[in-house]
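Structural description and commentary
Residues per chain are reported as follows:
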Amino acid sequence: QYSPDSVAGADGEIDPTEVTFPGCSCRRGSCALPECPCLRHGHNYSSLRLRQAEQQQQPFSRPVFECNSLCSCGEGCQNRLVQRGLQLRLQVFRTPRKGWGVRALEPVPRGSFVCEYAGEVLGFAEAQRRSQAQTPEEPNYIIAVREHLHDGRVMETFVDPSRVGNVGRFLNHSCEPNLFMVPVRVDSMVPKLALFAATDISAGEELSFDYSGRFHNLPGTSREHKAPEEENSLRKPCYCGSHTCASFLPWDSSLFSTP
């Protein structure tokens, strides 16, 4: 079932459409610093240039908050981007070795929002149950995003587009991707998993992102569990063809382990 936005999972534990953030009281058509509280809490798109966060020599990047449905600013506010959804012409196509893939049908400038990775937002228990119910032959669409806060806490988001999702579910992994993922918050602490262009992308070029999230994180900040050799039989081979290919798709055993 196609859905442009993430929906509450069958477990009913998390509702991504619930509005819990207060709105800003900005009266102008487009919000600006320093008045807007939404912009004060994190990066804004005009100053972020999005990929620059990956280049800065800082152990953490600031969060991104968009203005929401309770804000007084207009729909044309520059701080409303991901919530507007897909604006580019994309095409799902069959690749020689990787199954389905997605390519751009028009040039995509660096820093542009491409699409969201949308699906059912699950709690940990249901995400683990679904992962363990899969056979090795089945594709695994569940993504686990872990945001490491400065105080040591970890915020987890699990999105499964297997049954309900958007075009993002067909994006392939690459060890040298041209997209990177940014958790963007609009109405609540449940983020939209937004994918942005990491470089200028030509029309017809396949779109990909690193499933481990390492493209946007500095080396050493990734918490992916290193799989022991005996677990390689459970891992899926990587066919990205890049010079830095790791041979296997990223592996995180936490959803597959039993207590």
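Before reading on, note that the structure itself is shown above.
Residues numbered from 1 in each chain as written. Predicted model: local features only at pLDDT ≥ 70, side-chain atom pairs only at ≥ 80, totals over all residues. Heavy atoms only, no water.

1. Focus on the sheet that holds strand S1 (residues 7–8)
The condition that has to hold: When DSSP finds two or more bridges between a pair of strands, those strands are recorded as paired. Elements are defined by DSSP. Helices are runs of H or I of four residues or more, strands are runs of E of two residues or more, and each kind is numbered from the N terminus. Throughout, a residue-residue contact means that at least one pair of heavy atoms, one from each residue, lies within 4.5 Å. To get an axis, a line is fitted to the C-alpha atoms, and for a helix only the part in contact is used. The angle between two axes follows their N-to-C directions and goes from 0 to 180 degrees.
Here 4 strands make up an open sheet; going across it, the order is S1-S6-S8-S7 and the pairing mixed. Only two strands of the sheet have a single partner each, and these edge strands are S1 and strand S7 (143–148). Relative to strand S8 (residues 154–165), strand S6 (residues 119–122) runs antiparallel, the two being bridged by 4 bridges. In the strand pairing of S8, Val-121 is matched with Val-159. The strands touched by helix H4 (residues 124–133) within the sheet are S6 and S8, with S8 carrying the most contacts at an inclination of about 50°.

2. As for H4
As a reminder of what qualifies: Note on exposure labels: buried denotes an accessible area under 20% of the residue type's maximum, exposed denotes more than 50%, and partly exposed covers the range between, all computed with a 1.4 Å probe on protein chains only.
For H4, every residue scored as buried is listed here: Glu-126, Ala-127, Gln-128, Arg-130 and Ser-131. Where H4 is buried, its residues touch S6 and S8.

3. Looking at the pattern of salt bridges
As a reminder, the rule being used: Every case where a carboxyl oxygen of Asp or Glu lies within 4 Å of a side-chain nitrogen of Lys or Arg is listed as a salt bridge.
As enumerated under the stated definition, the model contains 11 salt bridges in all. The shortest N-O distance in the salt bridge between Asp-160 and Arg-130 comes to 2.8 Å. Of this pair, Asp-160 sits in strand S8 while Arg-130 sits in helix H4, and the two are 30 residues apart along the sequence. When its relative accessible area of 2% is taken as the criterion, Asp-160 is described as buried. When the shortest N-O distance is used, the salt bridge between Glu-156 and Arg-146 registers 2.9 Å. Highlighted residues: Glu-156 in strand S8 and Arg-146 in strand S7, separated in sequence by 10 residues. Where salt bridges share partners, they join Glu-120, Glu-126, Arg-129, Arg-130 and Asp-160 into one cluster.

4. Things to note about the packing of aromatic side chains
The relation between two aromatic rings is expressed through the spacing of the ring centres and the mutual angle of the planes. As a reminder, the rule being used: Classification of ring pairs rests on two measures: the distance between centres of Phe, Tyr or Trp rings, Trp counted by its six-membered ring, which must be within 6.5 Å, and the angle between planes, read as stacked under 30 degrees, edge-to-face over 60 and tilted in between. We call a charge positioned above a ring when the Lys NZ or Arg CZ atom is no farther than 6 Å from the ring centre and deviates by at most 35 degrees from the ring normal.
Under the defined criterion, the tally for this structure stands at 6 aromatic pairs. Judged by centre distance (5.0 Å) and plane angle (55°), the rings of Phe-209 and Tyr-211 are tilted. Residue class for Phe-209 comes out buried when judged on its relative accessible area of 3%. Judged by its relative accessible area of 31%, Tyr-211 is partly exposed. Site record: aromatic cluster; members linked through ring pairs are Phe-113, Phe-180 and Phe-196. Against the face of Phe-93 rests Arg-103, its NZ or CZ located 4.1 Å from the ring centre.

5. As for the state of the cysteines
To keep it simple, the criterion reads: The criterion for a disulfide is a pair of cysteine sulfur atoms lying within 2.5 Å.
For the coordinates displayed, the defined rule picks out 0 disulfides. Not part of a disulfide, Cys-67 finds its nearest cysteine sulfur in Cys-31, a span of 3.7 Å. Looking at Cys-67, the relative accessible area reads 0%, which means it is buried. With no disulfide of its own, Cys-240 lies closest to Cys-238 among cysteine sulfurs, the gap being 3.6 Å.

6. Remarks on the sheet that holds strand S10 (residues 179–185)
In spatial order, the strands read S2-S10-S11-S5; together these 4 strands make up an open sheet with mixed pairing. Only two strands of the sheet have a single partner each, and these edge strands are strand S2 (64–65) and strand S5 (113–116). Looking at chain direction, S2 and S10 are connected through 2 bridges and run parallel. Within S10, the residue paired with Phe-65 across the bridge is Arg-185.

7. Quick notes on the side chain of Lys-192
Looking at the secondary structure, you find Lys-192 in strand S11 (residues 192–197). Exposure remark for Lys-192: the relative accessible area of 16% places this residue in the buried category. When sequence neighbours within four positions are dropped, the list of residues in contact with Lys-192 reads Asp-5, Val-82, Gln-83, Glu-116, Val-182, Pro-183, Val-184 and Val-186.

8. Things to note about the environment of Cys-36
Tracing the backbone shows Cys-36 in the loop between S1 and helix H1 (37–40). Taking the C-alpha atoms as reference points, Cys-36 and Cys-24, separated by 12 residues in sequence, lie 6.4 Å from one another. The residues contacting Cys-36, other than those within four sequence positions of it, are Cys-24, Cys-26, Cys-31 and Cys-67.

9. Here's the deal with the environment of Lys-192
Short version of the rule: Nitrogen and oxygen atoms within 3.5 Å of one another constitute a polar contact, given that in protein one can donate a hydrogen and the other can accept it, and given that sequence-neighbouring residues count only through two side-chain atoms.
With 76 residues separating them in the primary sequence, Lys-192 and Glu-116 have C-alpha atoms 6.7 Å apart. For Lys-192, the side chain forms a polar contact with the side chain of Asp-5, separated by 3.5 Å.

10. Quick look at the nonpolar core
Just so we agree on the cut-off: Joining through side-chain atoms within 4.5 Å is the link that ties buried Ala, Val, Leu, Ile, Met, Phe, Trp, Tyr and Cys residues into a set, and such a set is a nonpolar core.
Formed by 23 residues in total, the largest nonpolar core has its most connected members in Leu-90, Val-114, Tyr-117 and Leu-207. When contributions to this core are tallied by element, the ones reaching two or more residues are strand S4 (100–104), S5, S7, S10, S11 and strand S12 (206–209). Here the element with the most residues in this core is S11; it accounts for 3 residues. Setting aside its immediate chain neighbours within four residues, Leu-90 contacts Val-102, Arg-103, Ala-104, Leu-105, Val-114, Cys-115, Val-167 and Leu-207.

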